[in-house]
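Structural overview
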Amino acid sequence: MMDRRLSSVLFATLAASFCSWRGLASGDPKWSLPRTTEVFMSNELKALLVTKEDAPLVTVILRIRQGSLSDPEGQEGLTELGARLLARGTSSKDASAIALAAERMGASIEANSNHEHVEISIDLLWNDLRAGLELLSELVRDSEFPEVELESVRTQMKAELRAVQEEPDAVAIRRFRSVLYGGTGYGRPVLGSEASLDALTRDRVAAHTRSLLDPSRAFLVVAGPLREHETPFEYSKSALGLVNASFQGWRSSSPAPELRHSPPRPGPMVVLVDRPDLTQIDVVVGYAGLSRLDPERIPLRMASLILGGTSSSRLFHALRSEQGLSYDLSSSCSYRTHGGEVQIRGATRPGTAARLVEGILAEVDRLTTEAPSREEVDRARSIYETELLALTETGDDLADLVADIEELGLPAALLEEAHATLLATGKEKIVEIARKVLTPEHRVIVLVGPTAELDKEFEKWGKIVKE
Amino acid sequence: MHPKSNGSSDPARSLAELLPRLATGYGTRTRVTPSRLPNGLRILTVTTEGSPLVSLQIHVAAGSRDNPPGKSGLAHCVEHMMFRHPEIDFDLEAENLGAMANAWTMPDATVYATDCREGVLGRLLELERVRFERPALVPDDLRAELEVILEERLQSVDNSPQGRLFETLTQLGFPDHPYGIPVLGVADDIRSLSTADCQSYLEGMHCPTRMIVVVAGPLAPAMVEELVRDSLGKLPPSPPAPRFTAAPSIPGVTDVHLELEAELSAVSLLHPLPPADRLESSRALATAELLATLLSWGDSSRLVRRLVREERVAYDVSVSVQEQDLGSELLIESRAVGRSSPLHLRDRILQEIGRLAEEPLEPDELERARVQLTIDTVRSLRTAFGRGDLIGSIALLHDDLDRGCATREGFLDVTPDEVRDLARRLARRDSTVCVTLEAKEK
């Protein structure tokens, strides 16, 4: 088994001569990533080229290792606004020309951020790779952040904030995160607020975004049918040659903005968001979870699958199939660099909200006190194996996976290691991790809907906060 | 034909042969092999290499349009009850195999889709045979499932301004026709559904002659045919009940204004298009696809560029074509920004479409839309599920797969005059229904 971090990568001015080719895992090919080439260019930009021959399409992802955690207090939304503006104007192309350049190839540019990174990506035919790379390169090197486009994007983001309010489940999740992290770090919405967006000026957005766009903090993933086109005699036409030609002139160096991470706050808490206009109550029962780097994330995911991750899970069976309490009932895990969350979600009529929460907590309690059956463990393992295979089904799936591996410094043999952990995880480990994570001390319950009269019913589950 | 088969097979075709202009990049490695079993069941094996994932899909030619009067929601309820077999827990058994099952109901069809790994197909097909053998449904199971469906309705319609807008629009767009009745059903009808209703629907509608089994993945067609023959091939042939076949009447120009507690005002327009199950409609539908693309595919499309990016009156805008057997529709949906009036938004949409009708197209505008639709198809063929879904939905509409596939490429030959003619009719609002939603302060 080969660990990507231990492999040799070379710095190169002309990358073609210095690339390192290798297979990334030694066991069952099902759990191996396809052949990947890693290259550092002279400007420290790292490129990862992955061969996937499922379709005549290539996915290109340029990711910057810095996201909205670097937004200063009162300027929430700054990174996201800047990211979206990247595709809205350079010194030689206005927003329409950029859109046209991509869309006449049947492609569109996605530029956005999350708490931990900024990403610009494009998905296009192999034959158009040169044009796609040149376009992305132009956007990161020469964006102008035009004032008129800033207003357009700001308007869009403010409308998006309103649109989210029409989705009670999204409101509940946002409130859960905000309460869990005390309104800081991961608890602050990437989109910001109407007030914080209004406070942002063009100069502030341009300066902040330019400070993020440093090739030493960036990496590029190209995934598609590269192999048949990679010949030593046609370097200039190869993916590597095209990457090098497009990005070697990208220069920048600036100090990294400060990150504003904060640990989860203790619970238990119950947040009642009163929305008398709604006919249902959306429920989130959430807990502070584990980091993506935590080796126990796989047992935790198995626990979540058994609890509510599938259509035969305990929650689905007890609360949907048996009692008809909710249509959409699930549990899931989110993993981040410095933490994560476990979320159990459902929606039910106002009269049955307490019953739904009671049922969820009873199943959580059962998972932390009673070992799952062998059949449950086998089933979770089997489903998880299929999920792992789906991570590499297509070129764009693979590009996302390789980008995540690179961003988080995960081992190149991630799938192989995950699969081995999966096979080694037994019922005792699942109970142990459930007991560690699903504790009332890190539990936040959020209800969104007609909740004005619910405080008496819910106070037994934590400190009530009414909104 | 497979040596053990009692059915009939047609020659395998490569995807590049079936969709020569849309799937060329896939070469000849992806092959579609059609066959039919003696009980009337059709099989389509879409063979690919690479990923070990398999998509098993059963496309049933029965949907909400086939609900008897007063039994709205029945087809959808039956789809739910197919997961409540009295003898097997389908979800549990499938998930034991690492497979994940889903299903959805549409006006014309119902699809049961399971994504799995190679090696478990035979056991999954056996599970499908058991649940398609029309079990005696248990009243208590139905009672619990109806509660789930009522929750689903609350979530997607009653609790959602967009859901209510869409439901109003389709009711007006297809007056006195099953297409105008919500697939989920109305609450009172849902509550009244019985096990007898479900059994009767299953008997008449879920019969082998109405079913197409699509298997997409790295599998040999002969093996797939054998596995299907040994499972679903054992379903007894039965005479299908007649389907609802009356064409919808063309709606008059209708405007309805809703005031709802919502964050964003919105507008939706529905323009009737010809039925999708006739080859002679294919040109009109291809024209509509191309027009929809010109209007709302990406930031350079006419409506997005003008209304979202430049004038900032719309948060989003989408134009789509919903192909339906008895009468298709072109849908325009847009949400307003800030205090923009939905009536103003409607007028601006229609003005822009009017401009398209009256002014020459930009030099590469039509070509761009053709490329975009082509690449969208190429993208949809990336996954086993996508390949199965595309081929299955074409086969459901057209017995002759070659001719059905040919209709999918029709947009490549549509002329600017045809696009402008449709735009003209839209701008004039010929038979177009419009619903505006005014967001009321909470």
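Residues numbered from 1 in each chain as written. Chains lettered and ligands numbered in written order. Predicted model: local features only at pLDDT ≥ 70, side-chain atom pairs only at ≥ 80, totals over all residues. Heavy atoms only, no water.

1. Re the overall build of chain A
- Scanning chain A from terminus to terminus reveals 16 helices and 13 strands.
- Looking at the 467 residues of chain A, the share that counts as buried comes to 61%.
- For chain A, contacts bridging at least 24 residues in sequence account for 81% of all contacts bridging at least 6.
- Accessible surface, chain A as shown: approximately 17000 Å² in total, 51% of it carbon and sulfur. (Helix = DSSP H or I, 4+ residues; strand = E, 2+ residues; numbered from the N terminus. Buried < 20%, exposed > 50% of the residue type's maximum accessible area, 1.4 Å probe, protein only. Contact = heavy atoms within 4.5 Å. Areas by Shrake-Rupley, 256 points an atom, 1.4 Å probe, with all protein chains shown as cover.)

2. Some thoughts on the interface of chain B and chain A
- The interface is formed by 59 residues belonging to chain B together with 63 residues belonging to chain A.
- Together, the buried faces of chain B and chain A total about 5400 Å²; carbon and sulfur atoms form 52% of this surface.
- In this assembly, chain B and chain A are joined by 9 salt bridges.
- Where R320(A) meets E145(B), a salt bridge forms, and the shortest distance between an N and an O atom there is 3.4 Å.
- Taken together, the links from chain B to chain A amount to 37 residue pairs in polar contact (both at pLDDT 80 or more).
- The greatest single-element share of the side of chain B that touches chain A, amounting to 10 residues, is contributed by helix α5 (residues 139-158) of chain B. (Buried area = accessible area lost by both parts, 1.4 Å probe. Salt bridge = Lys/Arg side-chain N within 4 Å of Asp/Glu carboxyl O. Polar contact = N/O pair within 3.5 Å; in protein donor to acceptor, adjacent residues only side chain to side chain.)

3. A short note on the sheet that holds strand β11 (residues 314-322) of chain B
Residue and element names in this part refer to chain B.
- Spatial strand order, β9-β13-β10-β12-β11: 5 strands in an open sheet with mixed pairing. The outermost strands of the open sheet, each flanked by one partner alone, are β9 (254-261) and β11. The sheet shows a mean angle of 15° between the axes of neighbouring strands, taken without regard to direction.
- Pairing geometry for strand β10 (residues 266-273) and strand β13 (residues 433-440), over 5 bridges, is antiparallel. Counted as the bridge partner of L269 is C434 from β13.
- Here helix α12 (residues 342-358) sits on the sheet and contacts β9, β10, β11, β12 (328-336) and β13; the angle it forms with β10, its principal contact strand, is near 40°.
- The strands touched by helix α16 (residues 416-427) are β10 and β12; relative to β10, the strand with the most contacts, the crossing angle is about 125°. (Pairing = 2+ DSSP bridges. Axes fitted to C-alpha atoms, helices over the stretch in contact; angles between N-to-C directions.)

4. Description of the pattern of salt bridges
Residue and element names in this part refer to chain A.
- This structure, assessed with the given rule, holds 78 salt bridges over all chains.
- A salt bridge links E138 to K93; the shortest N-O distance between them is 2.6 Å. You can see E138 sitting in helix α3 (residues 129-142) and its partner K93 sitting in the loop between α1 (78-85) and α2 (95-103), a full 45 residues away along the chain.
- Relative accessible area serves as the criterion here: at 16%, E138 is assigned to the buried category.
- Residue K429 pairs with E432 through a salt bridge whose shortest N-O separation is 3.2 Å.

5. Comments concerning the sheet that holds strand β8 (residues 269-274) of chain A
Residues and elements named next belong to chain A.
- An order of β10-β11-β9-β12-β8-β13 is seen for the 6 strands of this open sheet, with the pairing classed as mixed. Each edge of the sheet is formed by a strand with only one pairing partner; in this case those strands are β10 (330-336) and β13 (463-466). Across the sheet, the mean angle from the axis of one strand to that of its neighbour is 20°, orientation sign disregarded.
- The sheet contact formed by β8 and β13 spans 4 bridges and is parallel. Along β13, the bridge assignment pairs M269 with K463.
- Across the sheet, helix α11 (residues 353-369) is in contact with β9 (281-288), β11 (339-348) and β12 (443-449); its angle to β9 comes to roughly 25°.

6. What to know about the packing of aromatic side chains
Residue and element names in this part refer to chain A.
- Inspection of the entire model under this criterion finds 7 aromatic pairs over all chains.
- Residues Y181 and Y186 carry aromatic rings whose centres are separated by 5.5 Å and whose planes lie at 70° to one another, so their mutual orientation is edge-to-face.
- Residue class for Y181 comes out buried when judged on its relative accessible area of 2%.
- Of the residues examined, Y186 reaches a relative accessible area of 1% and is grouped as buried.
- Between the aromatic rings of F247 and W250, the centroid separation amounts to 6.3 Å while the plane-to-plane angle is 55°, which identifies the pairing as tilted.
- When its relative accessible area of 2% is taken as the criterion, W250 is described as buried.
- For K460, the ring lying beneath its charged end belongs to W461, and the centroid distance is 4.6 Å. (Phe/Tyr/Trp six-rings, centres within 6.5 Å; stacked < 30°, edge-to-face > 60°. Lys NZ or Arg CZ within 6 Å of the ring centre and 35° of its normal.)

7. Observations concerning the domain arrangement of chain B
Residue and element names in this part refer to chain B.
- Taken domain by domain, chain B holds domain 1 (4-234) and domain 2 (254-440).
- Each of domain 1 and domain 2 was reduced to a C-alpha centroid, and the two centroids are 27 Å apart.
- Listed by partner, the interface residues are 46 residues for domain 1 and 48 residues for domain 2.
- Approximately 3900 Å² of surface area, both sides summed, lies buried where domain 1 meets domain 2, with 70% of it carried by carbon and sulfur atoms.
- Considering only the side of domain 1, the residues that lose the most area to domain 2 are L22, L165 and L169, jointly responsible for 18% of the buried surface there.
- A salt bridge links D399 to R42, with the nearest nitrogen and oxygen atoms 3.3 Å apart.
- In this assembly, domain 1 and domain 2 are joined by 9 residue pairs in polar contact (both at pLDDT 80 or more).
- Looking at the side of domain 1 that touches domain 2, the elements with two or more residues in it are α1 (15-18), β3 (31-36), β4 (42-47), β5 (53-60), β7 (110-117), α6 (161-173) and β8 (211-217).
- With 10 residues, the top contributor of residues to the side of domain 1 that touches domain 2 is α6. (Domains from an automatic or database assignment.)

8. Some points on α2(A)
- Restricting attention to buried positions, one finds in α2(A) the residues A95(A), I98(A), A99(A), A101(A), A102(A) and E103(A).
- Those residues of α2(A) that are buried lie in contact with β6 (118-125), α3 and α4 (147-165) of chain A together with α11 (302-310) and α13 (365-380) of chain B.

9. Structural notes on the packing of α1(A) against helix α7 (residues 202-212) of chain A
All names here are of chain A.
- Where α1 meets α7, the axes come as close as 9 Å, and the angle between the chain directions of the two elements is 80°. Considered as vectors, α1 and α7 are oriented roughly perpendicular to each other. When α1 is examined against α7, the residues L78, T79, L81, G82 and L85 are found in contact with a partner set consisting of R204, V205, H208, T209 and L212.
- For the contact of α1 with α7, the class distribution of residues is 5 nonpolar, 4 polar and 1 charged. (Parallel < 35°, antiparallel > 145°, perpendicular 65-115°, else oblique. Nonpolar A, V, L, I, M, F, W, Y, C, P; charged D, E, K, R; others polar.)

10. Some details on the nonpolar core
- Within the largest apolar cluster, 67 residues are counted, with the highest numbers of intra-cluster contacts made by V221(A), L447(A) and F458(A).
- In this view, F458(A) contacts V270(A), A353(A), A354(A), V357(A), L447(A) and I464(A); residues no more than four positions away in its chain are not counted.
- The next biggest cluster of nonpolar side chains, apart from the first, holds 62 residues, and it includes A288(B), A336(B), A357(B) and L366(B). (Core = buried A, V, L, I, M, F, W, Y, C linked by side-chain atoms within 4.5 Å.)

11. Here's the deal with unusual backbone geometry
- In the Ramachandran plot, F145(A) falls in the positive-phi region, its phi being about 50° despite a non-glycine side chain.
- For F145(A), a relative accessible area of 0% corresponds to the buried category.
- With a phi angle near 55°, S431(B) is a residue other than glycine that sits in the positive phi range.
- For S431(B), the position within the fold is in the loop between α16 and β13.

12. What to know about the environment of L272(A)
All names here are of chain A.
- Looking at the secondary structure, you find L272 in strand β8.
- Along the chain, L272 and E432 lie 160 residues apart, while their C-alpha atoms are 31 Å from each other.
- Discounting residues that sit within four places of it in the chain, L272 has contacts with L447, T451, L454, D455, I464, V465, K466 and E467.

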